[in-house]
Amino acid sequence: MVTYVCLGLLFLFVVIKSANYYSRRKRAPSPEQLDILVRSILKSGQRERE
Amino acid sequence: MNKKLPVNLSPFIKTRYAYKKLKICRSCNHFTVLGDKQCMICGKKALISIDRKAASMLRRSMWKARLIAMLILLIGLVLSQSPMLLGLCAAGGIVLIAVLWIVQRKSAPAEQLMLLEKLFHKEANKLAAGLTADRDAAIAVFQSGNKPLTYEMLREVGALVQTDQLRLEQILLLQSFVLRKDMDLMLKPLLLDHFNPDLADYIGELSKIRRDLIKEDAFRYVLMYEGQILQMEHGESILIGVAGAAIRMKRYITLYPYLIIRYAHKLPKERFLRLYRMVQSSPHRNWEQLADEVERIYNEKYKWDEDFQTSHNPNN
Ligand SMILES: [Zn+2]
């Protein structure tokens, strides 16, 4: 019985994890977006200093 | 004007994306674009590239998921009551973990970018502080008298921090050097959104040694502030140089004919010769006004010049 529960749990875990990865894959930023993000962080950082 | 310094500048190593210039300390999470291995803050030799950091974060997060899956499988195996169940559990578990592994491998590139985005958001203050420390380090080097190294450091910082102040500091340093053709120079990242005589001077110098660096943005800058540049001491020669640079490509001639028309009569002979030949060889282009002006100058100054009679392919 416990074995089935564990196997079911593992199945659920893998399915949820995979769905999670797939949805994150769609939301992932492009390297260009990361460039923009870093630049905007640094720009606002500079403005705070001034 | 101060005497210019002859210097050697090391080439700028360009990365495909600017953020890849970042390094991070494994020990204290200090961000920097300078330095090789040693961290400025904690002194440990723990600097790694941001990509390596992302890869290690990725490995950790993926192993976490795999370990949880393996733990569930292990519990199932330990608690299975018969060899048949044990076999079933092992086979099913291995298949499921393999599926997880494959999905993870496919998601790795996107996941790495996600983790970096999270890291930048989470450590935004540290990121800003790190680059500020880099700039301060450059200023300290300047105060110690090493101008070329200061420029090289500011150039690294400037790849990410795009403020007018940083651009201006780089322009001023460059203007204190004897610039040469073989130097790794740049213009586009240094263009300001207001008029600055040092920048105009720098563009003027580039028009003599690195015409290839003068592109659309630079032409636009010069045209926008033409009046102010003309009021500078050597303003006109800057504009003549830039007009000469526009003759490098037919595209620029088409885009900025009036700039060329205004300064064509003062172009050095070699530049005018090139313009003359380009206009001659492209009768189908709509350059009428320019062609008229070129014709007028030709008749006035070069009609009897031998170089203008022989025809060969212009280059440069
Ligand atoms: Zn450190």
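Keep in mind it's a predicted model, so treat the numbers as computed, not measured.

What follows concerns the environment of glycine 241 of chain B. Residues and elements named next belong to chain B. When you line up the elements, glycine 241 lands in helix α9 (residues 235-246). Classification of glycine 241 as buried rests on a relative accessible area of 17%. Distance in space between the C-alpha atoms of glycine 241 and asparagine 196 is 17 Å, their sequence separation being 45 residues.

Let us look at the packing of aromatic side chains. Residues and elements named next belong to chain B. If you walk through the whole model with that rule in mind, you get 15 aromatic pairs over all chains. Relative to phenylalanine 120, the ring of tyrosine 19 has its centre 6.3 Å away and its plane inclined at 75°; by these criteria the two rings are edge-to-face. Placement of the pair is tyrosine 19 in the loop between β1 (5-6) and β2 (23-25) and phenylalanine 120 in helix α2 (residues 83-122), with a sequence separation of 101 residues. Among the residues examined, tyrosine 19 registers a relative accessible area of 2% and is labelled buried. On the basis of relative accessible area, phenylalanine 120 is assigned to the buried category, the value being 0%. Look at phenylalanine 219 and tyrosine 256: their rings are 4.9 Å apart centre to centre, the planes differ by 35°, and that puts the pair in the tilted class. In this pair, phenylalanine 219 is assigned in helix α7 (residues 216-224) and tyrosine 256 in the loop between α10 (250-255) and α11 (257-263), connecting sequence segments 37 residues apart. The burial state of phenylalanine 219 is the same as that of tyrosine 256; both residues are buried. What links up through ring pairs into an aromatic cluster is the set Phe272, Tyr276, Tyr298, Tyr302 and Phe308. Directly above the ring of tryptophan 63 sits arginine 66, whose terminal nitrogen or CZ lies 4.8 Å from the centroid. Above the face of the tryptophan 101 ring, arginine 66 is positioned so that its terminal group lies 4.1 Å from the ring centre.

What counts and what doesn't
- Residues numbered from 1 in each chain as written.
- Chains lettered and ligands numbered in written order.
- Predicted model: local features only at pLDDT ≥ 70, side-chain atom pairs only at ≥ 80, totals over all residues.
- Heavy atoms only, no water.
- Helix = DSSP H or I, 4+ residues; strand = E, 2+ residues; numbered from the N terminus.
- Buried < 20%, exposed > 50% of the residue type's maximum accessible area, 1.4 Å probe, protein only.
- Phe/Tyr/Trp six-rings, centres within 6.5 Å; stacked < 30°, edge-to-face > 60°.
- Lys NZ or Arg CZ within 6 Å of the ring centre and 35° of its normal.

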